[in-house]
Amino acid sequence: MAKAKNPFSYGGRVTGEAFCDRQKELKELLSDIKARQHVILFSQRRFGKTSLVWRLLAEADKNGIIPVYVDLYPASSLAEFIEMYAKAIAESLSGYEKAMKLLKGLFSRLYLSMGVDGMGNPQWNVGFDRSRETESLDEVLMTFEAYLKKTKKAGVVVFDEFQQITEMNGKKMEARLRSAIQTHEHVSYLFVGSRKHLMQDIFSNPNRPFYRSGKIFPLGKISSDDFSSFIRVRFGSAKMAISDKALNAMLEATETHPYYTQYLCHILYDIAEGSRVREDDVPKALDLLITREATAYMNTWDLLTLRQRQALMCLAEIKPSESPFRLEALQRFGMSQPAVMMRALNSLVEKDLVDKENGTYEIIDVFFKRWVRTYISQTWPRP
Ligand SMILES: Nc1ncnc2c1ncn2[C@@H]1O[C@H](COP(=O)(O)OP(=O)(O)O)[C@@H](O)[C@H]1O
Ligand SMILES: [Mg+2]
């Protein structure tokens, strides 16, 4: 008999039954939005920010708070930002006829038109005078607030992958955005980002416009209890079971990382024979996962300097409680001085490969770490 559709999904945003828990976070974020508190939500990539935020926006909508979602990941210029933001506002309000009239009335520099995309679906187009970017930016920044004020409603705007703004015109853009937002009384803003050190610099550096402009909300892991019951239910929905030992071994390997956990479950579902996942399926699934990801890891590795590679190997091998600056560690990984190690580690932090928290360093991606440990360290010539 053919297997049912794989109940695990990884990669894109997950919704409905594929979304696990996060009740506590949802509750807190919803009450922040209601209180018009701006929030800075960050975590490493593929931890579930976008999925969580869409859940949250659906809740906000139910509570009469109008949601606007802008994904800044593909934006690399101010013009693109203006266009995407205006489009997102139009899309969100296009359900209401009156709103569209109002919206058009609020725009004097920007103009909206309805077209169709390649698939024949209706789509908003936004135009503006490219020689008047700053004025157009100011206009789009005030539009949603002005609309809400007129209609006496509340709204929430999400800027996903917000750290992208550092690639658009630098400080000037940040300053205008910040000063616009400061005067807004009807919108709560949610700044979401994956690159921790960039996000931290935007919001915690006293010399930057967004310094202390909202509540910092680091998105944590999904607890292993919640994830365990979710995984059991998902396997169950496809008429499969997973043994406790297999489940524990798997969560230990993924450290409950949401993306890798779904990914590994997806593989386990595919390779398991019969209707039960067993403990010895887990190492096979781990090997498969690493093999599939190896090209991406190698590409990352190829771009690093010798010092950076040595520092990564050190972090992959030593215990979390050990310091990479100990003489023994330095010697073992071919570094002459603590300062050399320090420089290498800091450059890895800047690349978002390593996280520095309370003075300790850690490789961010659990499977990249595993790959370094199993494939690199063993073949590396020892000094
Ligand atoms: N709450 C969740 N429940 C189950 N899986 C999740 C959850 N959040 C994230 N994931 C997994 O992680 C992947 C990436 O999620 P996403 O929301 O795109 O993360 P981010 O925006 O932080 O990069 C999803 O495809 C899914 O496999
Ligand atoms: Mg995302």
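Look up: the structure comes first, before these words.
Figured I'd write up the structure that's included with this text. Along every chain, residues carry numbers that run from 1 in the direction the sequence is written. All chains are assigned letters beginning at A, and all ligands numbers beginning at 1, according to the order in which they are written. Two thresholds apply to this predicted model, a pLDDT of at least 70 for residue-level local features and 80 or more for giving and counting side-chain atom pairs, whereas whole-chain, interface and lining totals are computed over all residues. Excluded from the side-chain calculations are hydrogens and water; all other atoms, namely the structure's heavy atoms, are used.

### Here's the deal with the overall build of the chain
In this description a helix means any DSSP run of H or I spanning at least four residues, a strand means any run of E spanning at least two, and both kinds are numbered starting from the N terminus. Each helix and strand counted, the chain has 15 helices and 11 strands in total. Dimensions of the chain along its principal axes, counting C-alpha atoms only, are 65 × 60 × 40 Å. Residue burial is assigned from relative accessible area. The probe radius is 1.4 Å, only protein chains are included, and a residue is buried under 20% of its type maximum, exposed over 50%, and partly exposed in between. When the 383 residues of the chain are sorted by exposure, 49% land in the buried category. Should any heavy atoms of two residues lie within 4.5 Å, those residues are counted as being in contact. Taking all contacts inside the chain whose residues are at least 6 apart in sequence as the whole, residues at least 24 apart take part in 72%. All accessibility values rest on the Shrake-Rupley procedure with a 1.4 Å probe; residue burial counts only the protein chains present in the view. For the chain, the computed accessible surface area is about 19200 Å², with 50% contributed by carbon and sulfur atoms. If the 54 positive side-chain charges of the chain are averaged to one point and the 47 negative ones to another, these points end up 2 Å apart. Within this scheme the basic residues Lys and Arg register as positive and the acidic residues Asp and Glu register as negative, but His and the chain ends are omitted. Charged groups are reduced to one reference atom each: NZ for lysine, CZ for arginine, CG for aspartic acid, CD for glutamic acid.

### Describing the pairing of strand β5 (residues 154-160)
Most of β5 is tucked away, with 7 of its 7 residues classed as buried. Strand pairing is assigned whenever DSSP detects at least two bridges linking the two strands. One ladder, built from 7 bridges, connects strand β2 (residues 65-71) with β5; its direction is parallel. Residue Tyr69 lies in a different strand from β5, and its bridge partner there is Val158.

### So, the environment of Gln37
Looking at the secondary structure, you find Gln37 in the loop between α1 (23-34) and β1 (39-42). Residue Gln37 is classed as partly exposed on the basis of its relative accessible area, which comes to 30%. Along the backbone, Gln37 and Asn346 are 309 residues apart, and their C-alpha atoms lie at a distance of 33 Å. What Gln37 contacts, discounting residues up to four positions off in sequence, is Asp32, Ser188, Tyr189, Gly214 and Lys215.

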